[in-house]
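Report on the structure
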Amino acid sequence: MKKTIIIIVTVTAICGVFAGCCNKKETKPAVEAIETAAQPVESMPAYTYIDQASPLAAVYGYLTDSIGSRYAQGEVCIPCGHIVKMDEKDTNDIKVWGDFWIFNYDRAGDTLKTVSGGDHPGLMHVKKTGETYAVTAFDPVEDGSRNLPSAKRIFGKYYNDFHKYNSDEQAREKTRQEFLYDYVTRNKLPINYYQDYGWPAVKISK
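I will try to describe carefully the structure that is included in this document. (Residues numbered from 1 in each chain as written. Predicted model: local features only at pLDDT ≥ 70, side-chain atom pairs only at ≥ 80, totals over all residues. Heavy atoms only, no water.)

**With respect to the environment of leucine 56**
Here leucine 56 is to be found in helix 1 (residues 55-67). On the basis of relative accessible area, leucine 56 is assigned to the buried category, the value being 11%. Separated by 27 residues in the primary sequence, leucine 56 and isoleucine 83 place their C-alpha atoms 9.2 Å from one another. Sequence-distant contacts of leucine 56, defined by excluding residues within four places in its chain, comprise Tyr49, Ile83, Met86 and Val96. (Helix = DSSP H or I, 4+ residues; strand = E, 2+ residues; numbered from the N terminus. Buried < 20%, exposed > 50% of the residue type's maximum accessible area, 1.4 Å probe, protein only. Contact = heavy atoms within 4.5 Å.)

Structure, rendered in structure tokens:
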């Protein structure tokens, strides 16, 4: 059974395609810290991509600022994504094809509770100015009857690679886990689980 992304506070139009997050089969075990040096925090730090010198820093910044803000808000927005292909030959138009996801979370003790989220596959156009990068345009895969034609048009020869990943719930969930693990460990947060509404909490791990 496939699970769709839900929004707790406000019903918001989700631009995503295909199925939502994968089925959660893991139940919440005894608390086990993933970061021994973690200290309690008063507020959630904003998400930043691990490599700020990469064009992907602009991509994930765009996801949190320009797309994540359209959803019901939580304490923190943590994107994740699978990069299908990146073409950096033209620094005025670096092309990044990917299956991009947005998740907004509230913190409840040692657990991140999903407030809202969705899938936004497509092509990001990124420009390099000096040592910084910025997204100049985003070509998203469309909804409804335009979903498949627009995905094939945007991904072109990379469509099969995109479709293989997007259709693999376990692969998508593994990517989500990796981004959450990176966020929690880099910020030394005493957070061990994430939980989608109506599903068991899942341990955050590599």
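**A look at the pattern of salt bridges**
Counting across every chain of the model gives eight salt bridges. Residue glutamate 142 is joined to arginine 153 by a salt bridge in which the shortest nitrogen-to-oxygen separation is 3.4 Å. Residue glutamate 142 is located in the loop between strand 6 (132-140) and helix 2 (147-155), and its partner arginine 153 is located in helix 2; the two are separated by 11 residues in the primary sequence. A relative accessible area of 32% places glutamate 142 in the partly exposed class. With its nearest N and O atoms 3.7 Å apart, the salt bridge here joins arginine 176 to glutamate 173. Of this pair, arginine 176 and glutamate 173 are both found in helix 4 (residues 169-186), three residues apart, which corresponds to roughly one turn of the helix. Relative accessible area serves as the criterion here: at 2%, arginine 176 is assigned to the buried category. A single salt-bridge network, built from bridges that share partners, covers Glu142, Arg146 and Arg153. (Salt bridge = Lys/Arg side-chain N within 4 Å of Asp/Glu carboxyl O.)

**A look at helix 2**
If you check which residues of helix 2 are buried, you get Asn147, Ser150, Ala151, Ile154 and Phe155. Buried residues in helix 2, looked at end-on, bunch into an arc of 115°, giving them a common side. Packing partners of the buried residues in helix 2 comprise strand 2 (80-87), strand 3 (94-108), strand 5 (122-129), strand 6 and helix 3 (159-166). Phi for glycine 156, located one or two positions after helix 2, is positive at around 55°. (Arc of directions from axis to C-beta.)

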